[in-house]
Amino acid sequence: MKKRTLPTLFAACAVLALAWTALLSGPALADALHTSVPGGRVHLDGAPKVGQPVKVVFDLNGYRFPAGAYTAVNLEFPNRPEGDKPKVRPGYPETTVTFAVPGEYTVIILLNEVSKSSCGGVKAKPLIDAVLDLHVTP
């Protein structure tokens, strides 16, 4: 096994730091996206900042909901800083999120089409299932 020199390790760390900075400065797009709608996507409109509402925007590429169907939007935060949970106002085509604490967040975004039959019961069709890693600034 070849030994690595200290300058090589420092250079590797510098490259990783530059790559991380470039990723954080771009628009927040879903890191992992599963959709049953061809061309469907989700993104943030605005920079995630404490106290400032940011929009989660769903684009279903012209998909039309069947008569009587409606949407259900759920946001989960499996990884987040200690403190108050983000406030979520669910909606379609835009959901609004307001963060109370700065730090690193993982957001799971779920958009489902919900319909009921005349005999009772509910059917849910997943439209978008996305994971977004965010850095929320103070």
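Residues numbered from 1 in each chain as written. Predicted model: local features only at pLDDT ≥ 70, side-chain atom pairs only at ≥ 80, totals over all residues. Heavy atoms only, no water.

Concerning the pairing of strand β3 (residues 54-59)
Next, step 1: Judged from the 5 bridges that link them, strand β2 (residues 41-45) and β3 form a sheet pairing that is antiparallel. Bridged to Leu-44 within β3 is Val-56. (Pairing = 2+ DSSP bridges. Helix = DSSP H or I, 4+ residues; strand = E, 2+ residues; numbered from the N terminus.)

Some details on the nonpolar core
Next, step 1: If you look at the biggest cluster of nonpolar residues, it comprises 23 residues, and the most contacted ones within it are Val-56, Phe-58, Leu-75, Phe-99, Tyr-105, Val-107 and Ile-109.
Next, step 2: Elements that contribute at least two residues to this core include exactly β2, β3, β4 (70-79), β7 (103-116) and β8 (122-136).
Next, step 3: A total of 6 residues in this core trace back to one element, the largest contributor, which is β8.
Next, step 4: Once residues within four sequence positions are removed from consideration, Val-56 is found in contact with Val-42, His-43, Leu-44, Leu-75, Pro-93, Glu-94, Thr-95, Val-97 and Ile-109. (Core = buried A, V, L, I, M, F, W, Y, C linked by side-chain atoms within 4.5 Å. Buried < 20%, exposed > 50% of the residue type's maximum accessible area, 1.4 Å probe, protein only. Contact = heavy atoms within 4.5 Å.)

Focus on the sheet that holds strand β6 (residues 94-98)
Next, step 1: With respect to topology, 4 strands assemble into an open sheet ordered β2-β3-β6-β5, the strand pairing being antiparallel. With partners counted over all chains shown, the strands left at the sheet margins are β2 and β5 (87-89), one partner each. The average undirected angle you get between the axes of adjacent strands in this sheet is 20°. (Axes fitted to C-alpha atoms, helices over the stretch in contact; angles between N-to-C directions.)

Thoughts on the pattern of salt bridges
Next, step 1: Overall, the coordinates contain 2 salt bridges when judged by the stated rule.
Next, step 2: The residue Arg-41 makes a salt bridge to Asp-59 at a minimum N-O spacing of 3.7 Å. Here Asp-59 lies in strand β3 and Arg-41 lies in strand β2, a separation of 18 residues in the sequence.
Next, step 3: Judged by its relative accessible area of 37%, Arg-41 is partly exposed.
Next, step 4: Judged by its relative accessible area of 32%, Asp-59 falls in the partly exposed class.
Next, step 5: Lys-55 is the partner of Glu-94 in a salt bridge, and the nearest nitrogen-oxygen pair spans 3.4 Å. Of this pair, Glu-94 sits in strand β6 while Lys-55 sits in strand β3, and the two are 39 residues apart along the sequence.
Next, step 6: Glu-94 sits in the partly exposed class, given a relative accessible area of 37%.
Next, step 7: By relative accessible area, which is 35% here, Lys-55 ends up partly exposed. (Salt bridge = Lys/Arg side-chain N within 4 Å of Asp/Glu carboxyl O.)

Geometric values such as these leave the question of function open.
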